[in-house]
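Below are the chains, spelled out letter by letter.
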Amino acid sequence: MAEANPGVLGVLVSNIDAGEQAPQEVEPGVRLQFPASQPVDHLEFSCFGNGQMRAVIRTATDTGSRDTTVGAMRCRDSPHRIAVPDGPPAAIDSVACSAFDSDRTSTWRLVVVGQAQPSG
C-alpha cells in the first residue's frame, strides 16, 4: 500500500454518493494541514469500483491557494498521478480534496507524496 511508503506525507479519504455537480459548486472538503511547509512531489488519486469521478484539489502555500480540477478518472485505472500545480517540489502548507460527478457510490483516496530523499 502507498501509505507504507516512507515518502507519504498524508492520506485523505472520503465516501462519495453518485450524482453530478459543477466544479464551481464543489468545496474542497477533506483537508490536511501540515505543521510546517512540506516539499510535495506529487499526489495520487484512487477511487474504488468500476465507476468514474472527478476531483477538485486545493493546495495552499505561503503565497496563496490554488484549485485544480481533475477530469474524469476511471476507478479501475487507479492510482492516478497528479502533478503539484507549482511543480515539484512545491512547499505545501495544506492539501484539500473533494470528489464529484461520481457515476456511483464509492470511496476515494488522495495520497500526498513528498520529495524523494537522496540515498547515500
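Computed from a predicted structure; not experimentally measured.

Caption draft 1: Structural view of the environment of Asp77. Here Asp77 shows up in the loop between strand E4 (64-74) and strand E5 (80-83). Between the alpha carbons of Asp77 and Gln52 there is a distance of 9.5 Å; along the sequence they are 25 residues apart.

Caption draft 2: Up close: the pairing of E5. Because side chains alternate across E5, one face comprises the buried residues His80 and Ile82, and the other comprises Arg81 and Ala83, none of which is buried. Sheet analysis places strand E2 (residues 30-47) next to E5, joined by four bridges and oriented antiparallel. Directly across from Leu43, in E5, lies its bridge partner Ile82.

Caption draft 3: Looking closely at the nonpolar core. By size, the foremost hydrophobic cluster in this structure holds 23 residues, and its most contacted members are Phe45, Met53, Ile57, Cys97, Trp108 and Leu110. Listing elements by their share of this core, those giving two or more residues are strand E1 (8-16), E2, strand E3 (52-61), E4, strand E6 (90-100) and strand E7 (106-114). Excluding residues that lie within four positions of it along the chain, Ile57 makes contacts with Leu43, Arg66, Asp67, Thr68, Val70, Ile82, Val95, Ala96, Cys97 and Leu110.

Caption draft 4: Examining the pattern of salt bridges more closely. Across all of its chains, the model carries five salt bridges by this definition. A salt bridge links Arg54 to Asp101; its shortest N-O distance comes to 3.0 Å. Placement of Arg54 in strand E3 and of Asp101 in the loop between E6 and E7 is noted, with a sequence separation of 47 residues between them. Here Arg54 falls in the partly exposed class, since its relative accessible area comes to 23%.

So, how was this worked out
- Residues numbered from 1 in each chain as written.
- Predicted model: local features only at pLDDT ≥ 70, side-chain atom pairs only at ≥ 80, totals over all residues.
- Heavy atoms only, no water.
- Helix = DSSP H or I, 4+ residues; strand = E, 2+ residues; numbered from the N terminus.
- Buried < 20%, exposed > 50% of the residue type's maximum accessible area, 1.4 Å probe, protein only.
- Pairing = 2+ DSSP bridges.
- Core = buried A, V, L, I, M, F, W, Y, C linked by side-chain atoms within 4.5 Å.
- Contact = heavy atoms within 4.5 Å.
- Salt bridge = Lys/Arg side-chain N within 4 Å of Asp/Glu carboxyl O.

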